Amino acid sequence: MPNRGGACTAASVLAALGLLGLKSLPELGAVTLALGARDAYGPPGLLDYFGLPRRRARLDRRIEALAGAQGLAIRSRTRPALPGLPVRPAKDELLVANLAWGQEKPGLYGTWGWNILRPQTYSTGGHSVLLIAVEGRQWLVLDPNHPGLQRWPRPGLVVTLTRIHRLLDRAA
């Protein structure tokens with residue numbers, strides 16, 4: 001699912017849901033709105049990635065509702081990433097990583113326009129990718145800004161992680 005505007009989280013979530021068996025992928029602009037963006041092709045609100053103690057993040061409830069509306073039973077869990085701990089998807093899950101820094105394109109690392117010293121950039125930075133696998137220190141990433149899989153020689157700096165896995169069909 002290619003990105004448009006600030007829809008990288010929605011594009012990464014749609015790619016994950018497609019890999020988990022979503023029958024038809026909804027239009028990206030509509031998905032961004034369903035995930036909490038103010039405008040089509042925008043990102044969810046920053047606080048949508050975080051839940052209060054013992055409360056789930058709004059983003060998780062919206063991802064589950066999006067999948068459930070098409071008959072796909074999934075569980076989504078978004079949490080802040082702990083600095084210094086390795087990031088990798090667990091068995092049978094897909095991992096959407098919201099990054100503050102990483103590989104913008106092969107050979108170029110950066111922050112996608114965000115700069116802590118310039119407040120006007122606070123709404124423009126960061127990027128979400130679907131982390132498929134970790135091989136040594138390399139990441140295998142589906143980046144909605146680029147076609148196909150990419151190998152990142154070093155990991156990105158992760159702010160939040162959204163772990164998505166399919167729930168078992170109880171009728172089977």
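Residues numbered from 1 in each chain as written. Predicted model: local features only at pLDDT ≥ 70, side-chain atom pairs only at ≥ 80, totals over all residues. Heavy atoms only, no water.

The next subject is unusual backbone geometry. If you check the backbone angles, arginine 54 has positive phi at about 60° while not being a glycine. Mapped onto the secondary structure, arginine 54 falls in the loop between α2 (28-34) and α3 (58-68). Given the relative accessible area of 87%, arginine 54 is considered exposed. Located in the positive-phi region is aspartate 92, a residue other than glycine, with phi close to 65°. Here aspartate 92 shows up in the loop between β1 (74-80) and β2 (94-105). Taking the relative accessible area as the measure of exposure, aspartate 92 reaches 62% and is therefore exposed. (Helix = DSSP H or I, 4+ residues; strand = E, 2+ residues; numbered from the N terminus. Buried < 20%, exposed > 50% of the residue type's maximum accessible area, 1.4 Å probe, protein only.)

With that settled, the discussion passes to α3. Residues spaced three or four apart along an α-helix face the same direction, because each turn holds 3.6 residues. For α3, the complete set of buried residues consists of Leu59, Asp60, Ile63, Glu64, Leu66 and Ala67. The arc that holds the buried residues of α3, viewed along the axis, is 160°, so those residues lie on one side. (Arc of directions from axis to C-beta.)

Turning to the side chain of threonine 162, a few remarks are in order. Here threonine 162 lies in strand β7 (residues 157-166). Owing to a relative accessible area of 3%, threonine 162 belongs among the buried residues under this scheme. Beyond its immediate stretch of four places on either side in the chain, threonine 162 contacts Leu59, Asp60, Ile63, Ser76, Arg77, Thr78, Leu94, Leu95 and Val96. (Contact = heavy atoms within 4.5 Å.)

Within this structure, the stated rule accounts for seven salt bridges. Note that arginine 62 is salt-bridged to aspartate 48, the shortest N-O span being 2.7 Å. With a gap of 14 residues between them, arginine 62 in helix α3 and aspartate 48 in the loop between α2 and α3 connect regions that are remote in the sequence. On the basis of relative accessible area, arginine 62 is assigned to the partly exposed category, the value being 26%. One salt bridge connects arginine 56 with glutamate 64, and the closest N-O pair in it is separated by 2.4 Å. Overall, the relative accessible area of 31% leaves arginine 56 in the partly exposed class. According to the relative accessible area criterion, glutamate 64 is buried, its value standing at 16%. (Salt bridge = Lys/Arg side-chain N within 4 Å of Asp/Glu carboxyl O.)

Here we take up the packing of aromatic side chains. Two measures describe an aromatic ring pair: the distance that separates the ring centres and the angle between the ring planes. Applying the stated criterion to the full structure yields one aromatic pair. With a centroid separation of 5.8 Å and an interplanar angle of 20°, the aromatic rings of tryptophan 139 and tryptophan 152 are classed as stacked. Of this pair, tryptophan 139 sits in strand β5 (residues 138-142) while tryptophan 152 is found in strand β6 (residues 149-152), placing the two residues 13 residues apart along the sequence. Accessibility classification places tryptophan 139 together with tryptophan 152 in one group, the buried group. Lying across the ring of tyrosine 41, arginine 4 places its NZ or CZ 3.8 Å from the centre. (Phe/Tyr/Trp six-rings, centres within 6.5 Å; stacked < 30°, edge-to-face > 60°. Lys NZ or Arg CZ within 6 Å of the ring centre and 35° of its normal.)

For the rest of this paragraph, the subject is helix α1 (residues 8-20). If you check α1, its first and last C-alpha atoms are 18 Å apart, about what 13 residues at 1.5 Å a residue would give, namely 18 Å. Taken together, the buried positions of α1 are Cys8, Thr9, Ala10, Ala11, Ser12, Val13, Leu14, Ala15, Ala16, Leu17 and Leu20. Where α1 ends, the next residue or the one after it, glycine 21, has phi of about 115°, a positive value. (Expected span 1.5 Å × (residues − 1).)

A separate point is the side chain of threonine 32. Tracing the chain through its elements places threonine 32 in helix α2. Apart from the residues within four sequence positions on either side, threonine 32 is in contact with Ala7, Ala10, Ala37, Asp39, Ala40, Tyr41 and Gly42.

Considering the arrangement of structural elements, one finds arginine 61 in helix α3. With relative accessibility at 39%, the residue arginine 61 sits in the partly exposed group. C-alpha separation for the pair arginine 61 and tryptophan 101, spaced 40 residues apart in sequence, amounts to 26 Å.

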